[in-house]
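# Observations on chain architecture
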Amino acid sequence: MTRQLSTTGALSTWIQSANVPVLAQLMARRSIMLARNLPDDLHEIQADLDNQLHTIGTNFGKAAGMKRGHELRRLSGVLSSLPRLVFLLRRGQCLGESNMNPDELDAIRCLVLSSDCETGARILFPQLYRLTHPLAWTALPLEDLCLQPSWVLYLDQHTHILVWCGGETRDGAEFQQLRDHAKQAAEAVAINRWPQPRTLTFFEASSQARYLTSRLIPSHKDLPEEQREALPVLRELGEEAQQALRNKLWIDTDDLSLREYLLTVDLAYVNELHAGTQAAVGACLLYTSPSPRDS
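## Points about unusual backbone geometry
- In the segment running from W194 into P195, the intervening peptide bond is cis, with an omega of -5 degrees.
- For P195, the location among the structural elements is in the loop between α7 (173-190) and β7 (198-203).
- Phi is positive for R68, which is not a glycine, with a value near 50 degrees.
- With respect to the element layout, R68 can be found in the loop between β1 (62-67) and β2 (70-74).

Structure follows, in structure tokens:
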């Protein structure tokens, strides 16, 4: 991919011309190559990613005050989506904690290294969707607060397509229609993809539900007002319903939420919904196509 950039002597103008999804993939592929060559140094590779993000924040971020003893910087403009992408990368299947056997893990890493950007993005930064009426798709952040009992969720991570159905969607023709549509969409993208993905459809609290929940950021650990900022649709729920959702999701886990991770690299949380970026990773955006586009 070749792009012509205007010449400028201003560093701030230059950095705003960065293609952040491509930058994130370059960081990912470098780290994955290191992980293949140094399989016993995964924590050091994750720390290297953290140092890269901290350096970018130090050089291109703006002062954002203090929080819990940390002097924070805020990345704005096109860079505002980079911290979330790096966080998804370091906790994903290529660089995060995994139960895959070494051969399977190496196969996934090789697939990323040999793939184009869109295929790599599906594996490294998969997009979560909610199927809504009338058969529209809404993009959601990859967070566990999206596990609402009346929702049907769809996650395509290239090698597997996961369809999660909330506990309240077991009965009713409209929910059956949503589940059928999700299966049809999965079958449509699987036909021309190699390796052919495995499609799993399951209900909330079933044994297979762990395949999705293990990929989700534990945002239930954040403060209630922070949760509503990250996922504005929570404001549509009553206070009792919000508390019931938190209680259902609460697990004593060492996994960090995005906000907790950002404190470790001295960065302030930025809601991409208000950041003016095209990516809008944290926003709820209507997806008008009949199914997520496959490359």
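## Some thoughts on the pattern of salt bridges
- Following the criterion strictly, the structure yields twelve salt bridges and no others.
- A salt bridge links R30 to D48; the shortest N-O distance between them is 2.6 Å. Of this pair, R30 sits in helix α2 (residues 20-37) while D48 sits in helix α3 (residues 42-60), placing them 18 residues apart in sequence.
- Residue D50 pairs with R90 through a salt bridge whose shortest N-O separation is 3.0 Å. Placement of the pair is D50 in helix α3 and R90 in helix α4 (residues 82-91), with a sequence separation of 40 residues.
- Residue classification places R90 among the buried positions, given a relative accessible area of 16%.
- Here the salt bridges share partners, and the residues they tie into one network are R228, E239 and R246.

## Quick look at the side chain of E204
- Residue position: E204 is located in the loop between β7 and α8 (210-213).
- In this view, E204 contacts L147, P149, W164, C165, G166, G167, R170 and K248; residues no more than four positions away in its chain are not counted.

## Considerations on the side chain of R109
- Within the secondary structure, R109 is located in helix α5 (residues 102-113).
- For R109, the residues in contact, after removing those within four places along its chain, are I32, A35, R36, L42 and C94.

## Some details on the confidence of the model for the chain
- Counting all residues, the mean pLDDT for the chain is 88, and 90% of those residues have values of 70 or more.
- This stretch, residues 274-291, has a pLDDT under 50; its non-local contacts, to residues over four places away or in other chains, come to 45 contacts.

## Let's talk about α4
- Burial within α4 is extensive, with ten of its ten residues counted as buried.
- The inward-facing, buried residues of α4 abut α2, α3, α6 (117-124) and α11 (258-264).

## Regarding the pairing of strand β4 (residues 136-140)
- Of all five residues making up β4, five are buried, and the element is well covered by its neighbours.
- Going residue by residue along β4, you find A136, T138 and L140 tucked away on one face and W137 and A139 tucked away on the opposite face as well.
- Note that strand β3 (residues 128-132) and β4 share five bridges and pair antiparallel. Counted as the bridge partner of L131 is W137 from β4.

## Side note on the packing of aromatic side chains
- Here the structure, examined in full by the defined rule, presents three aromatic pairs.
- Measuring from centroid to centroid gives 5.9 Å for Y129 and W137, while their planes differ by 90 degrees, and the two rings are edge-to-face. In this pair, the class of Y129 matches that of W137, namely buried.
- An angle of 85 degrees between the planes, with centres 4.9 Å apart, marks the rings of W137 and Y154 as edge-to-face. In this pair, W137 is assigned in strand β4 and Y154 in strand β5 (residues 152-156), connecting sequence segments 17 residues apart. Neither W137 nor Y154 differs from the other in exposure class; each is buried.
- Aromatic rings pair up to connect Y129, W137 and Y154 into one cluster.
- Sitting over the face of the ring of F203, R170 holds its NZ or CZ atom 4.4 Å from the ring centroid.
- One residue, R210, lies across the ring of Y211, its end atom 4.7 Å from the ring centre.

## Structural notes on the pairing of strand β6 (residues 160-165)
- Of all six residues in β6, five are buried, a share of seventy percent or more.
- Of the pairings in the sheet, the one linking β5 to β6 comprises five bridges and is antiparallel in character. Counted as the bridge partner of D156 is I161 from β6.
- Looking at chain direction, β6 and β7 are connected through six bridges and run parallel. Paired with I161 across the two strands is T199, which belongs to β7.
- After leaving β6, the chain enters α7 and then returns to the sheet as β7, a path that is right-handed.

Conventions used here
- Residues take numbers from 1 onward in each chain, read along the sequence in its written order.
- Thresholds applied to this predicted model are a pLDDT of at least 70 for local features of residues and 80 or more for the giving and counting of side-chain atom pairs; totals over whole chains, interfaces and linings are not thresholded and use all residues.
- Side-chain metrics in this entry use all non-hydrogen atoms of the structure; hydrogen atoms and water are not considered.
- Segments assigned H or I by DSSP are reported as helices when at least four residues long, segments assigned E as strands when at least two residues long, and all are numbered from the N terminus.
- The rule for a salt bridge is simple: a side-chain nitrogen of Lys or Arg has to be within 4 Å of a carboxyl oxygen of Asp or Glu.
- Burial classes: relative accessible area under 20% of the type maximum marks a residue as buried, over 50% as exposed, and values in between as partly exposed (1.4 Å probe, protein chains only).
- Any pair of residues with heavy atoms lying within 4.5 Å of one another is described as a contacting pair.
- Confidence of the predictor at the level of single residues is captured by pLDDT, which takes values from 0 to 100.
- Strands were regarded as paired on the criterion that DSSP finds at least two bridges between them.
- Two rings belonging to Phe, Tyr or Trp (six-membered ring only in the last case) form a pair when the distance between their centres is within 6.5 Å. Interplanar angles under 30 degrees mark stacking, angles over 60 mark edge-to-face geometry, and anything in between is tilted.
- Whether a charge lies above a ring is judged from NZ of Lys or CZ of Arg, which has to be within 6 Å of the ring centre and within 35 degrees of the ring normal.
- Handedness of a crossover is defined as follows: with both strands directed away from the viewer, a clockwise route from the first strand across the helix to the second makes it right-handed.

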